[in-house]
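# Examining the three-dimensional arrangement
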Amino acid sequence: MSKYHFNEIEAKWQEYWAKNQTFKAENLSDKPKYYVLDMFPYPSGAGLHVGHPLGYIASDVYARFKRHQGFNVLHPMGYDSFGLPAEQYAIQTGQHPAETTKVNIEGGVDKNGNEIEGYRKQLDRIGFSFDWSREVRTSNPEYYKWTQWIFLQLFDSWYDKDLDKARSIEELRIIFSSEGNVKINAVCDEGIERFIASEWIDFSETKKQEILLKYRLTYLAETEVNWCPQLGTVLANDEIVNGVSERGGYPVVRKKMKQWSMRITAYAQRLLDGLNEIDWPQPLKDSQTNWIGRSKGATVKFKVLPPTPTQAEAKLWGELRGKKLGYKFRQQHPIDNYIVDFVCLEKKLIIEVDGEVHQYQLEKDDERELLLKEKKGYKVIRFNNLDVLNNLQTVISKIEAILQVLPSGEDLGWDFPKDELDEKFSIEVFTTRPDTIFGVSFMVLAPEHDLVSKITTAEQKEAVENYVEATAKRSERERMADVKTISGVFTGAYAEHPFSGEKLPIWIGDYVLAGYGTGAVMSVPCGDQRDHDFAKHFNIPIPNIFKDVDISEEAYSGKENITITNSDFLNDLTYQQATEKITTALEEKGIGEGKINYRLRDAVFSRQRYWGEPFPIYYKDGMPHAIPTEYLPLRLPEVEKYLPTETGEPPLGRATKWHWDTKKCSVVSNQFADQENVFPLELNTMPGWAGSSWYFFRYMESEKRDEVFASKEALDYWQNVDLYIGGSEHATGHLLYSRFWVKFMHDRGLVPVEEPFKKLINQGMILGESAFAYKLVGLNANYPNFIHNTNIFVSKTLRNHIVHNKEWKNDDFLNIVKGNLKSRLIGQSIIDKIVGFTIIPLHVDVSLVDIHNELNIKTFRNSREEYKNAIFISENGIVIDNNNEKYIVGREVEKMSKSKYNVVNPDDICEQYGADTLRLYEMFLGPLEQAKPWNTAGITGVHGFLKKLWKLYHSGENESFYMSDTPPSGAGGLKTLHKTIKKVQEDIEEFSFNTSVSSFMIAVNELSAEKCNAREVLEPLAILISPYAPHIAEELWNKLGHSESVSTAPFPKFEEKYLVESSKEYPISFNGKMRFTLELPLDLSKDEIESAVMAHEKTAEYLEGRTPKKVIIVPGKIVNIVG
RNA sequence: GCUCGAGUGGCGGAAUUGGUAGACGCGCUGGAUUCAAAAUCCAGUGUUUUAGGACGUGCGGGUUCGAUUCCCGCCUCGAGUACCA
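The rules behind these values
Residues take numbers from 1 onward in each chain, read along the sequence in its written order. Written order decides the labels, with chains lettered from A and ligands numbered from 1. Two thresholds apply to this predicted model, a pLDDT of at least 70 for residue-level local features and 80 or more for giving and counting side-chain atom pairs, whereas whole-chain, interface and lining totals are computed over all residues. Excluded from the side-chain calculations are hydrogens and water; all other atoms, namely the structure's heavy atoms, are used. The numbering of helices and of strands both runs from the N terminus, where a helix is a DSSP run of H or I of at least 4 residues and a strand a run of E of at least 2. With a 1.4 Å probe rolled over the protein chains alone, any residue whose accessible area is under 20% of its type maximum counts as buried; one over 50% counts as exposed, and the rest are partly exposed. His is not counted, nor are the chain ends; Lys and Arg add positive charge and Asp and Glu add negative charge. Any carboxyl oxygen of Asp or Glu within 4 Å of a side-chain nitrogen of Lys or Arg constitutes a salt bridge here. Whether two residues touch is decided by their heavy atoms; if any such pair falls within 4.5 Å, the residues are in contact. Only when DSSP finds a minimum of two bridges between them are two strands counted as paired. Lines fitted to C-alpha atoms define the axes here, with helix axes fitted over just the stretch in contact, and angles between the N-to-C directions of these axes take values from 0 to 180 degrees. A helix is expected to reach a length of 1.5 Å times the quantity of its residues less one. For each residue, the test is whether any non-hydrogen atom lies within 4 Å of the molecule or strand; if one does, the residue is near. N or O atoms closer than or at 3.5 Å make up a polar contact, with two conditions inside protein: a donor-capable atom paired with an acceptor-capable one, and, for residues adjacent in sequence, both atoms drawn from side chains. In the scheme used here, Gly and all other residues not listed as nonpolar or charged are polar, with Ala, Val, Leu, Ile, Met, Phe, Trp, Tyr, Cys and Pro taken as nonpolar and Asp, Glu, Lys and Arg as charged. Each patch is built from residues that are more than 30% exposed by relative accessible area and take part in no salt bridge. Like charges join if they lie within 9 Å; nonpolar side chains (Val, Leu, Ile, Met, Phe, Trp, Tyr) join within 5 Å. Note on areas: Shrake-Rupley, 1.4 Å probe, and residue coverage restricted to the protein chains presented here. The definition of a nonpolar core used throughout is a set of buried Ala, Val, Leu, Ile, Met, Phe, Trp, Tyr and Cys residues joined through side-chain atoms within 4.5 Å. Domain delimitation in this document rests on an assignment produced automatically or drawn from a domain database. In short, buried area is how much 1.4 Å probe accessible area vanishes from two parts on joining, totalled over both. Here a Phe, Tyr or Trp ring, Trp counted by its six-membered ring, pairs with any other such ring whose centre lies within 6.5 Å, and the pair is stacked when the planes are under 30 degrees apart, edge-to-face when over 60, and tilted otherwise. Reported orientations rely on four angle classes, namely roughly parallel under 35 degrees, roughly antiparallel over 145, roughly perpendicular from 65 to 115, and oblique for the rest. The hand of a helix crossing depends on one turn: near helix anticlockwise from the far one by less than a right angle means left-handed, and clockwise means right-handed.

### Points about the side chain of lysine 285
One can find lysine 285 in helix α11 (residues 282–292). The side chain of lysine 285 sits in the buried core without any salt bridge; aspartate 279 is the nearest counter-charge, 6.2 Å away. Excluding residues within four positions of it along the chain, lysine 285 makes contact with Leu275, Ile278 and Trp280.

This is the structure in structure tokens:
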């Protein structure tokens, strides 16, 4: 009389597991280790829906299977508990995010005032074999202490390219004091000044810090960032989807800000190489490969030619040259970063001649003038073109007068050495096709390029500045949406082709990105479509350097089968040969070299938010300094509001106690700030990926969590994650950053491994099946956009008729509609204007719909006030007022979400069918990696299976437990068992969980048919099923007389002998078409099979008197008769 | 546009060193049981048909005795990416 009371059974075993710590992993064990990890969740207030646990169930099945196989399994769980939603909520209500986060995890009263259970209870109910003793929460100070600690390790490191690893800053200081930075080959900021040892020693500490910062693996720099004004923070590239923020969908603009960055680019190559070592899905590897974006090519430097003088300039030069005024003047001479029109170095006098000048240009000129005056001590005088052309004499007199007054100095010639000048006024480009260098007909700079303002000629100044300004204003999204418009402006300047000496016009255009390569390109219109488009649009010549290729319509970008021509010393070479030769030539000339370029950018690490890890950094003389690690964690301060300050500082700017006292080594009140011992702390916090980049190591440690992030013993034993399951949305975020941190930690000897996750599986999303009720609206003949709302809902079939414009000739229906409209809002005159109907589909809560897609009208009416008097028209076009007619909803597969009312809660499923049913059904739905719709109706199948399984063990009187100890009669039961063992083991090893659920069903169907009750069969079966349905397995195992948990019982061993068959049901085909089957012994030879088949009466029948041309026999498989 | 993945009954899906297409489950149909319902059990269920068969794994070709599986060309859907020089 014992039925399958799943609720009792499940509660009982969940309690047993918790009490006995059944799944606690040991750090000291003789067993081989196995580490199964799920991507940990952000504990949102919305709780779990059935899509969330899919991956956890899969990993749990695997973890349990591994325990049966004798492994010491680490299968932990925790929470990525810093993050935006809690903070957004805090901003709205003032509740501390720590509080709401805790409620979301542990339960309590949630933000809407409802009692909620929390994540943990929901997870527990599904029967996972997690070792909860190792739980982590990234927002706990005990945890983020170590996130801060790792940050400081990065701060204390630089990347040595020669050794190809990270080293400590201390070692860098030693190198600087012994040999300066001349020989250092490091990944660092661009344009670092050169110094020798003695200079280094003489630098002030602040200066030293400034220099070191340019080498640190995490550094502070003014960078162009993605600023999201609505969220009030910067976002990383991977946090932006389609030009808007991933969370919230707010617009993002480019902005220059001082930010912490991570020098992930140092690891670009190793991150790429490491992909070969790990067993990850190919699409995921591909997206990392694309994100890193390695391309091989060369750099080339193009010299910028001095501008040709304007008419006015030429005229004035005529009067100044050759010491005509008694002093030596120079034309178009570089001073500091600028080229001035004329200069007398001896008198430090600069003369500028301008065209028509605009207001904004004046401001820029003022800036430039100020710089030249203040920094270099020059006097600047200005004339406009008209002055020079019309009143030359007055101009000369003015100049002479000033020359008289100015003191004389020494003409030291060039303001700075010639090669440095070339350096400053040359354009460096990166190209993947150096072989096409003779096809260059122009250059294009990104509008943001530094050189733009320096080289633009007076005539082009206005156009260029307008363009630059317009580009800066365009949001990222606009720029992305509009890639077809070709735009650009000529700067008026020219570059010199390094080999042909040709003059190449220099343009600016927004198709050249400031952030990639050098922000400048050599344009080869015959070989690059974008250059081709640009050249065509602006009528720039398109020289052809490919032999016998037509480039009049489009560029030829192929590399194969080309012969270079019109290219001087590269003529008649292939791509391969030409690339090699030109690279050598560039290197010999000293104007370029072969180079590998990466698309990957350094990762911005600052967020202007409250709910994240504080940086353990204070500022002294504007330089960041680390808080000594022994004083970590640096705890988040209390603030009265979670918004940015009125002056635009991040929320931490509101903290009143947020200064670091270097004497007391503690956080003190801001009022003690003295710039001597007490300094302000960093106001930014770390991004979401900080805590998740190393948490897998934290789980390894159980005992010494206060002393270390993870002990050496633990790290050595557990190594890395053997199996990691999670969503593919983390491809270029978490999964890339984690790999970066692990490689770094490995370099610094902190962890023994180079890759965090050996095998990774992406689980597919579980989609919801939304239900729709169809609301009827009338269309007005006079106003096409005006619709007459009704409160009438039509059933699915009726809706299809209306939508597909099929006339629905049913008077009742029309009368109902018109009658309703009349009574509700409008008069007859308007009804007459209604020319047709259309439908608005409304999401209805899936819980109001039964498995036959029938809407529960009563509940629906009560669900909202506005539906109270709704009229429903049935499938047959009749108003529903009794139970005879049905209202059928429409169904559509969509993402599962609250707003679509299609969320299915796992708690409800557990309540109604049990956790084992939920687990089995989630696995049964389809392949783990694939997206698939959830359909609650189908769950009865697996639930019925569990009932059937239960019954198999309860064949005694009144359905009592019964087991026979006598061996099974006949081989049937054992054959079924071993077939199932083989299949299930193979399936689990291949992560094909859906098919093993099928084989369980087949097994139970077969055993039930046989009325099998043999212990020899049913005992192993209980173990077999325990990874999938652990509660029922424990219960049966217990009833079978075991006092220990089934969880470590050895997995049944497959034995071939039970599967050996003596005969085979051969399919007999004629010309490839199967006609009948014939059972034959398996030990027959080919000839014997043939004669047996040919002798069969049906064979003759199908041959219809023909003689077979050929008989194909594959023993054990098939017979095919041709002819 | 580029990269990757996928197209099989009414639905979720199974089967690939090429060998009986549609396992298993849902749904549907009929039956048993029941006063009735639920639950349970039994049978049937790709399409079509003149009941022998014919057709059938997105479409069109090809290789083969035999193709869902291999090759070539297309179509559709989904995911990622966005001027990367």
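### Some thoughts on unusual backbone geometry
Put simply, leucine 632 and proline 633 share a cis peptide bond, and its omega is 5°. Take proline 633: it is sitting in the loop between β26 (623–626) and β27 (659–661). Positive phi values are uncommon outside glycine, yet lysine 1011 reaches one of about 55°. Along the chain, lysine 1011 turns up in the loop between α34 (993–1010) and α35 (1015–1025). Judged by relative accessible area, lysine 1011 falls into the exposed class, the value being 69%.

### Re the sheet that holds strand β6 (residues 165–168)
Taken together, 3 strands build an open sheet; the order of strands is β6-β5-β7 and the sheet is antiparallel. Looking at strand neighbours, the two that pair on one side only are β6 and β7 (186–187), the edges of this open sheet. In terms of strand pairing, strand β5 (residues 157–160) meets β7 through 2 bridges, oriented antiparallel. Each residue of the ladder has a partner; that of aspartate 160, found in β7, is alanine 186. With respect to the sheet, helix α7 (residues 169–179) is in contact with β5 and β6, its orientation differing from that of β6 by roughly 75°.

### Section: helix α6 (residues 141–155)
Relative to the 21 Å expected for 15 residues at 1.5 Å per residue, α6 spans 20 Å between its end C-alpha atoms, a close match to the ideal helical length. Of all 15 residues in α6, 14 are buried; the element is thus mostly enclosed.

### Concerning the protein's contact with RNA strand B
Within the structure, RNA strand B sits among 50 residues, and Thr431, Thr432, Tyr516, Leu925 and Asn1120 are positioned closest to it. Near the protein, meaning within 4 Å, the atoms of RNA strand B are sugar or phosphate in a fraction of 61%, with bases accounting for the rest. For RNA strand B, a phosphate oxygen lies 3.2 Å from a polar atom in the side chain of asparagine 1005. At the level of secondary structure, the elements contributing two or more residues to the surface near RNA strand B comprise α11, β18 (426–431), α32 (939–952), α34, β38 (1063–1070), β39 (1073–1081), β40 (1110–1114) and β41 (1118–1122). With 6 residues, α34 is the largest single contributor of residues to the surface near RNA strand B. Grouping the amino acids of the surface near RNA strand B by side-chain chemistry returns 23 nonpolar, 16 polar and 11 charged.

### Remarks on a nonpolar patch on the surface
A surface patch of nonpolar side chains, about 190 Å² in accessible area, is lined by Ile1112, Val1114 and Ile1118. Structurally, valine 1114 can be placed in strand β40. On the basis of relative accessibility, which here comes to 36%, the residue valine 1114 falls in the partly exposed class.

### Examining the sheet that holds strand β24 (residues 603–604)
Reading across the sheet, the 4 strands line up as β9-β8-β12-β24 and stay open at both edges, with antiparallel pairing between neighbours. The two strands at the open ends of the sheet, each matched to only one other strand, are β9 (233–235) and β24. Relative to strand β12 (residues 253–262), strand β8 (residues 218–228) runs antiparallel, the two sharing 10 bridges. Residue pairing in the sheet places leucine 220 in a bridge with tryptophan 260 of β12. Sitting on the sheet, α6 is in contact with β8 and β12, with an inclination near 90° to β12.

### A few points about the environment of glutamate 1097
Its location among the elements puts glutamate 1097 in helix α38 (residues 1097–1103). For glutamate 1097, a relative accessible area of 64% puts it in the exposed group. Taking the C-alpha atoms as reference points, glutamate 1097 and lysine 33, 1064 residues apart in sequence, are found 61 Å from one another.

### A word on α32
With 14 residues, α32 extends 20 Å between its outermost C-alpha atoms, agreeing within 8% with the 20 Å of an ideal straight helix rising 1.5 Å per residue. Among the residues making up α32, those that are buried are Ile939, Val942, His943, Phe945, Leu946, Leu949, Trp950 and Leu952. In this structure, the buried side of α32 is in contact with α1 (6–20), α30 (906–912), α31 (915–924), α34, α35 and α36 (1030–1039).

### Side note on the nonpolar core
By size, the foremost hydrophobic cluster in this structure holds 162 residues, and its most contacted members are Phe605, Phe697, Phe709, Trp741, Tyr953 and Tyr1028. Residues in contact with tryptophan 741, not counting those within four places in the same chain, are Ile150, Leu154, Met262, Phe605, Trp689, Ala690, Ser693 and Trp694. Formed by 41 residues, the second largest nonpolar core is a distinct cluster that contains Ala298, Ala495, Ala520 and Leu570.

### Remarks on the pattern of salt bridges
The tally for this structure, following the rule as stated, stands at 40 salt bridges. Through salt bridges with shared partners, a single ionic network connects Arg270, Arg739, Lys743, Asp747, Glu754 and Glu755.

### Quick notes on the domain arrangement of chain A
The assigned domain composition of chain A is domain 1 (161–215), domain 2 (307–419), domain 3 (428–598), domain 4 (766–895), domain 5 (906–1055) and domain 6 (1063–1122). Taking both partners together, domain 4 and domain 5 bury about 550 Å²; carbon and sulfur atoms supply 70% of that area. Summed over the three residues of domain 4 that lose the most area to domain 5, namely Ile766, Leu767 and Glu769, the buried surface amounts to 78% of that side. Linking domain 4 with domain 5 are 0 salt bridges, by the criterion used here. The interface formed by domain 4 and domain 5 includes 2 residue pairs in polar contact (both at pLDDT 80 or more). Here the residues of the side of domain 4 that touches domain 5 are counted per class, giving 4 nonpolar, no polar and 1 charged.

### Some details on the pairing of β39
The two faces of the sheet receive side chains in turn, since in a regular strand these alternate between them. Judged from the 8 bridges that link them, β38 and β39 form a sheet pairing that is antiparallel. Residue serine 1069 lies in a different strand from β39, and its bridge partner there is methionine 1074. Taking the residues between adjacent antiparallel strands as the criterion, β38 and β39 are bridged by 2 residues, where asparagine 1071 takes a positive phi near 50°.

### Details of the packing of aromatic side chains
According to the stated counting rule, one finds 75 aromatic pairs in the structure shown. Note on phenylalanine 793 and phenylalanine 872: the rings are 5.5 Å apart at their centroids and 20° apart in plane angle, and the pair reads as stacked. Here phenylalanine 872 lies in strand β35 (residues 871–873) and phenylalanine 793 lies in strand β33 (residues 787–794), a separation of 79 residues in the sequence. Among the residues examined, phenylalanine 793 registers a relative accessible area of 0% and is labelled buried.

### Remarks on the packing of α1 against α36
Running from N to C, α1 and α36 cross one another at 85°; their axes reach a closest spacing of 9 Å. Regarding the angle of α1 to α36, the classification is roughly perpendicular. Residues Ile9, Glu10, Lys12, Trp13, Gln14 and Trp17 of α1 lie in contact with α36, whose contacting residues are Pro1030, His1031, Ile1032, Glu1034, Glu1035 and Asn1038. The residue inventory of the contact of α1 with α36, partitioned by class, reads 5 nonpolar, 3 polar and 4 charged.

### Structural notes on the packing of helix α2 (residues 53–68) against helix α33 (residues 972–989)
Helix-helix packing is described using two parameters, namely the angle between the two axes and the distance between the axes. Relative orientation of the contacting elements α2 and α33 amounts to 120°, with a least axis distance of 10 Å. Here α2 is positioned oblique relative to α33, judged by the angle of their axes. For the pair α2 and α33, the sense of crossing is left-handed. From α2, Val61, Tyr62 and Phe65 reach across to α33, where they touch Gln985, Ile988 and Glu989. Considering only residue class, the contact of α2 with α33 consists of 4 nonpolar, 1 polar and 1 charged.

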